[in-house]
Amino acid sequence: MTQPVSGFRARLDALAPVRRTAFMAALTERLLPNAGFYAEANGTASALDTTRELRKLLDLVWEQLRVRDAKIDFSLQAEKVTAFEPAEEDDSFGARRALEAVMALTACIDVLISEEPEAALKISRLSADGVRALIDLQAGEGIEQEALETMIREHPLMIDERDFQDAVLESVEAPQLSRDDWRALKQLGRNEDVSNLGLSLQD
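As a starting point, this report considers the structure included with it. Everything numeric in this text was worked out from a predicted model, so none of it was measured.

**Considering the pattern of salt bridges**
And step 1. Across all of its chains, the model carries 18 salt bridges by this definition.
And step 2. Put simply, Arg9 and Glu118 hold a salt bridge, and the shortest N to O gap is 3.1 Å. Taken as a pair, Arg9 in helix 1 (residues 8-14) and Glu118 in the loop between helix 5 (93-113) and helix 6 (119-139) lie far apart in primary sequence, 109 residues in all.
And step 3. A residue is classified by how much of its surface remains accessible, and Glu118, at 32% relative accessible area, is partly exposed.

If you want it as structure tokens, here you go:
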């Protein structure tokens, strides 16, 4: 009997490629509403509509994971994702979070074209960094670095982020993934339409 792999990164590295991609897809599900809220703030589309369009593209990733011989042109899908990128000159907080969502979706598609073992860890950090950026913004200026680090570590959103990523990783580590398990994993990623920043499409 093999010993369980300890350590978050080691556990990610130990996953089969399809399971690492599933981990990425679940985290990306939770990031997509951030791109939707950015679009709504800029008057280009509603948050719900933008998130729905992005999820249609992510649905193709899920389909490929469930049906290994599905014939999907992911090079074409990657081109479609670029339409949702914020303007390059926009360096606002919302634009950066929207870009993170687009980057995560692009990474999910790219690993189905050409495998990149580090991609899952990159999305894990991308999601956590977005939460960190929000807490840092809310903290404002004048707070000492040590106090800020403690605030970030103990903030409810960061605790939720760690718990969420742990739950997703545990799910993709299951010995077998049935059709129901794939659906449950996707639903877990959607997180009841609440993003990693605590923004809800239901509000």
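**So, the nonpolar core**
And step 1. Residues Phe23, Met24, Leu58, Val61, Trp62, Trp182 and Leu185 are the most contacted members of the largest nonpolar core, which totals 44 residues.
And step 2. Contributions of two or more residues to this core are made by helix 2 (17-41), helix 3 (47-66), helix 4 (74-81), helix 5, helix 6, helix 8 (156-172) and helix 9 (179-190).
And step 3. The element best represented in this core is helix 2, accounting for eleven residues.
And step 4. The contacts of Met24, once residues within four sequence positions are left out, are Ala107, Cys108, Val111, Ala119, Ala120 and Ile123.

**A word on the packing of helix 5 against helix 6**
And step 1. Interaxial distance between helix 5 and helix 6 falls to 10 Å at its minimum, and their mutual angle equals 170°. One element, helix 5, and the other, helix 6, form an angle in the roughly antiparallel class. When helix 5 is examined against helix 6, the residues Phe93, Arg97, Glu100, Met103, Ala104, Ala107, Cys108 and Val111 are found in contact with a partner set consisting of Ala119, Ile123, Leu126, Gly130, Ala133, Leu134 and Leu137.
And step 2. In terms of residue class, the contact of helix 5 with helix 6 is made up of twelve nonpolar, one polar and two charged.

**Structural notes on the environment of Val81**
And step 1. By the secondary structure assignment, Val81 is in helix 4.
And step 2. A relative accessible area of 0% means that Val81 is categorised as buried.
And step 3. Aside from chain neighbours lying at most four places away, what touches Val81 is Leu57, Val102, Leu105, Thr106 and Ile109.

**Some remarks on helix 3**
And step 1. When the terminal C-alpha atoms of helix 3 are compared, their 28 Å separation across 20 residues agrees well with the 28 Å that a helix rising 1.5 Å per residue should span.
And step 2. Of all the bends found along helix 3, the most pronounced is centred on Lys56 and spans about 25°.
And step 3. Taken together, the buried positions of helix 3 are Ala47, Thr50, Thr51, Leu54, Arg55, Leu57, Leu58, Val61, Trp62, Gln64 and Leu65.

**Quick look at unusual backbone geometry**
The phi angle of most residues is negative, glycine excepted, and most peptide bonds adopt the trans form.
And step 1. In this structure, Asn191 is a non-glycine residue whose phi angle is positive, near 55°.
And step 2. Residue placement: Asn191 occurs in the segment after helix 9.
And step 3. For Asn191, a relative accessible area of 22% corresponds to the partly exposed category.
And step 4. One non-glycine residue, Glu192, adopts positive backbone phi at about 55°.
And step 5. Of note, Glu192 is situated in the segment after helix 9.
And step 6. Exposure remark for Glu192: the relative accessible area of 69% places this residue in the exposed category.

**Considerations on the side chain of Ser195**
And step 1. Structurally, Ser195 can be placed in the segment after helix 9.
And step 2. Polar side-chain contacts of Ser195 include one of 3.1 Å to the backbone nitrogen of Leu197.
And step 3. Residues contacting Ser195, with those up to four places away along its chain left out, are Arg30, Pro33 and Asn34.

Cut-off values and rules
- Residues numbered from 1 in each chain as written.
- Predicted model: local features only at pLDDT ≥ 70, side-chain atom pairs only at ≥ 80, totals over all residues.
- Heavy atoms only, no water.
- Salt bridge = Lys/Arg side-chain N within 4 Å of Asp/Glu carboxyl O.
- Helix = DSSP H or I, 4+ residues; strand = E, 2+ residues; numbered from the N terminus.
- Buried < 20%, exposed > 50% of the residue type's maximum accessible area, 1.4 Å probe, protein only.
- Core = buried A, V, L, I, M, F, W, Y, C linked by side-chain atoms within 4.5 Å.
- Contact = heavy atoms within 4.5 Å.
- Axes fitted to C-alpha atoms, helices over the stretch in contact; angles between N-to-C directions.
- Parallel < 35°, antiparallel > 145°, perpendicular 65-115°, else oblique.
- Nonpolar A, V, L, I, M, F, W, Y, C, P; charged D, E, K, R; others polar.
- Expected span 1.5 Å × (residues − 1).
- Bend = angle between axes of the 7 residues up to and from the residue.
- Polar contact = N/O pair within 3.5 Å; in protein donor to acceptor, adjacent residues only side chain to side chain.

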